[in-house]
Amino acid sequence: MEFLENAPQLLKILWYIALPTSIIFLIQTVLTFIGADNTDGLNADFESDLGHSSDTPLQLFSFRNLINFLLGFGWGGISFFEIIENPNLLILVAFLIGISFVAIFFFIIKQLLKLSEDNSFQFEQLINKNGEVYLKIPANKAGKGKVQVSLKGSVRELDAITEGDVIESGQAIRIVKIENNNLLIVEKI
């Protein structure tokens with residue numbers, strides 16, 4: 001690093017921040033893409049919830065956000081070193097660039113979270129859905145039959161009973177209630 005020998009002290013500090021931070025950022029990026037970075041900085045040593053649920057990667061104080069800030073601060077300061085002569089103003093601009101890097105990271109993560117979809121199956125989501133009887137359902141809760149119901153692009157075959165008349169195979173039904181967390185109560189449509 002011979003180019004730093006005669007450089008001003010502030011420029012040296014900015015380079016010493018930017019280079020190691022860039023290496024750590026590259027390592028984090030590679031680990032993220034190969035799946036080895038499973039926590040994404042979720043666990044801080046203190047509570048820093050900013051009104052978000054704890055299962056989202058939006059914590060202000062995390063190692064990843066520190067690296068994002070230092071990356072913006074270091075490279076921003078180096079970029080504007082020749083343009084801004086006042087060291088205090090340069091540090092302020094570099095600080096704002098570092099903050100903007102963290103804000104951009106938050107924005108990108110929020111946009112990516114919008115793409116996620118919860119496809120977990122929950123019986124409560126079936127209420128008022130329509131389906132078709134697969135195996136005949138006896139009248140007045142006298143026995144179980146089976147129905148096929150589509151939910152979130154997946155067809156499920158589930159046990160069902162009715163409080164009314166017998167419902168034959170192939171009949172269209174509507175789910176009225178859920179009993180015992182997994183037994184559908186249905187009616188003819």
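We now turn to the structure provided with this report. (Residues numbered from 1 in each chain as written. Predicted model: local features only at pLDDT ≥ 70, side-chain atom pairs only at ≥ 80, totals over all residues. Heavy atoms only, no water.)

At lysine 141, a position not held by glycine, the phi torsion is positive, near 55°. Position of lysine 141 among the secondary structure elements: in the loop between strand S1 (130–135) and strand S2 (145–151). Unlike most non-glycine residues, lysine 152 shows phi in positive territory, near 55°. As for its position among the elements, lysine 152 is in the loop between S2 and strand S3 (154–162). (Helix = DSSP H or I, 4+ residues; strand = E, 2+ residues; numbered from the N terminus.)

Quick look at helix H2 (residues 63–80) now. Relative to the 26 Å expected for 18 residues at 1.5 Å per residue, H2 spans 26 Å between its end C-alpha atoms, a close match to the ideal helical length. Listed in full, the buried residues belonging to H2 are Arg64, Asn65, Ile67, Asn68, Phe69, Leu71, Gly72, Phe73, Gly74, Gly76, Gly77 and Ile78. Tucked into the core, H2 has its buried residues touching helix H1 (9–34) and helix H3 (87–115). (Expected span 1.5 Å × (residues − 1). Buried < 20%, exposed > 50% of the residue type's maximum accessible area, 1.4 Å probe, protein only. Contact = heavy atoms within 4.5 Å.)

Another aspect to go through is the pairing of strand S4 (residues 172–179). Sheet topology places S1 next to S4; three bridges connect them, and they run antiparallel. Residue pairing for S4: glycine 131 is matched across the bridge by isoleucine 173. Relative to strand S5 (residues 183–188), S4 runs antiparallel, the two sharing six bridges. When the sheet's bridge partners are listed, lysine 177 is paired in S5 with isoleucine 185. Counting the residues in the hairpin turn of S4 and S5 gives three residues, including asparagine 180, whose phi is positive at 55°. (Pairing = 2+ DSSP bridges.)

Such coordinate-based values are descriptive only and should not be taken to indicate function.
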